[in-house]
Amino acid sequence: MPNAVAQVPLLDLKAQYAAIRNEIRPVLDEVCDSQMFILGQRVADFERSVAEYCGVDHAVGVSSGSDALILALMAADVGPGDEVITSTFTFFATAGAVARVGAKPILVDVDPETFNVRPDLIESAITQRTKAVIPVDLFGQLAELDRISAVAAAHRLVMIEDAAQSIGASRHGRKAGQFGGMCCFSFFPSKNLGGFGDGGMIVTDDADLAERCRVLRMHGETSRYHHRYIGGNFRLDALQAAILNVKLRHLDEWSQARRVNASRYDEWLAASDVITPTIADGNVSIFNQYTLRAPRRRDSLRNHLTSKGIGCGIYYPIPLHLQECFAYLGGRRGDCPVAEALADEVLSIPIYPELSLEQQRRVADAIREVCE
Ligand SMILES: *Cc1c(COP(=O)(O)O)cnc(C)c1O
């Protein structure tokens, strides 16, 4: 392909694969030769690696990040009649999982700087029916999990952390998964640790909850053909586990490269009138996304970048309280003003580790052409 008008994609997974191809191919062959595809040693090894990486006792590999959330809710016995408080400004699966287990999502607003759910709004949404809270660590930055876990503990609620975008991120030295309850990861290909297909994990320090997750992911089977619970098929593939175990070794260097890219954008865009992301004090982000705010000119900025062959994305264009499928919850425009404003202003730009200096300059220049 002629690269006269070289594109800058939003994410370049081919570049990442090229760099680790020689490490990945042999483990693919090993799994293929073994013809053992479901759970088994490969998954157990990867679970151990993730538990160690996160500094927690237990890890349970599952079929996706969405299924991790559903399984965690099932393990916490959340169901019809229960309310679960979470962010309105997140990927659909966070609230979708709550509805899927028959409980009612209670969607609250976020902080305008970090885009993360506000602990005070969680607290004021608690009722007699509240059973759990799901803080979301959006775009690679942990929510105020110290405060949220304290609120959860004070009200005897289960905390299920949605860290699908934030594996390895930390807050005052504590990583995702170390704030109690259960923590869910996604290995969707575009996440910082992405598989070659779907995958997810639940990590926890609670041995009982971990065991329930293990049983529930195998149809609630406690011994062969004896079913204590009604679970489902929520298993992680051996092939994904083998690939992810190789990629995990690179995760910290990739996340560091993203942080370096982020600090370059921070500098290059400082004089423009886009608002660059804020990382809260004590937080170390893994920058799954680098998300700007461009009040009043987001769409013209997006069109300009697109016309220059620069990938960008809107995460998320519609807050969940305004989604059609959640109309029955009675959400109205004006309920969550910060999330509603963000939906009109945010734009995520390329931040992936393999982004070259030259590509990054082109992105920043293109933004300044519109926003200076
Ligand atoms: C990606 C994502 C999920 C879902 O993960 P899948 O593996 O795609 O099912 C859930 N929550 C958030 C915040 C996500 O970004």
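Just so it is clear, the model here is predicted, and its values are computed rather than measured.

Participant: Please explain the overall build of the chain as it appears in this structure.
Facilitator: Scanning the chain from terminus to terminus reveals 11 helices and 14 strands. Relative to its length of 372 residues, the chain is compact, with a C-alpha radius of gyration of 21 Å against a globular reference of 21 Å. Projected onto the principal axes, the alpha-carbon positions of the chain cover approximately 65 × 55 × 35 Å. Residues classed as buried in the chain amount to 54% of the 372 residues present. Expressed as a percentage of contacts within the chain between residues at least 6 apart in sequence, the contacts between residues at least 24 apart total 71%. Of the roughly 16,100 Å² of accessible surface on the chain, 50% is carried by carbon and sulfur atoms.

Participant: Just to check I follow, could you spell out the nonpolar core for this structure?
Facilitator: The tendency in soluble globular proteins is for nonpolar side chains to be buried as a group. Within the largest apolar cluster, 42 residues are counted, with the highest numbers of intra-cluster contacts made by Phe46 and Phe185. Taken together, the elements giving at least two residues each to this core come down to helix 2 (40–54), strand 3 (104–108), helix 6 (145–154), strand 8 (182–186), strand 9 (200–204) and helix 8 (238–268). The element contributing the most residues to this core is helix 2, with six residues. If we ignore the near neighbours within four places in the chain, the residues touching Phe46 are Phe187, Leu193, Met201, Leu236, Ala241, Leu244, Asn245 and Leu248.

Parameters and conventions
- The residue numbering used here restarts from 1 in each chain and proceeds along that chain's sequence as written.
- Predicted model: local features are reported for residues with pLDDT of at least 70 only, side-chain atom pairs are reported and counted for 80 or more only, and whole-chain, interface and lining totals are derived from all residues.
- The basis for every side-chain value is the complete set of non-hydrogen atoms in the structure, without hydrogens or water.
- Helix and strand definitions follow DSSP, with helices as H or I runs of at least four residues and strands as E runs of at least two, each counted in order from the N terminus.
- Put simply, the radius of gyration uses C-alpha atoms, and a globule should come to 2.2 Å times the residue count raised to 0.38.
- Burial classification: accessible surface area is computed with a 1.4 Å probe over protein chains only, and a residue below 20% of its type maximum counts as buried, one above 50% as exposed, and the rest as partly exposed.
- A contact between two residues is defined here by any heavy atoms of the two lying within 4.5 Å.
- Accessible areas in this description were obtained via Shrake-Rupley with a 1.4 Å probe; residue shielding takes into account the shown protein chains only.
- To define a nonpolar core, start from buried Ala, Val, Leu, Ile, Met, Phe, Trp, Tyr and Cys residues and group those joined through side-chain atoms within 4.5 Å.

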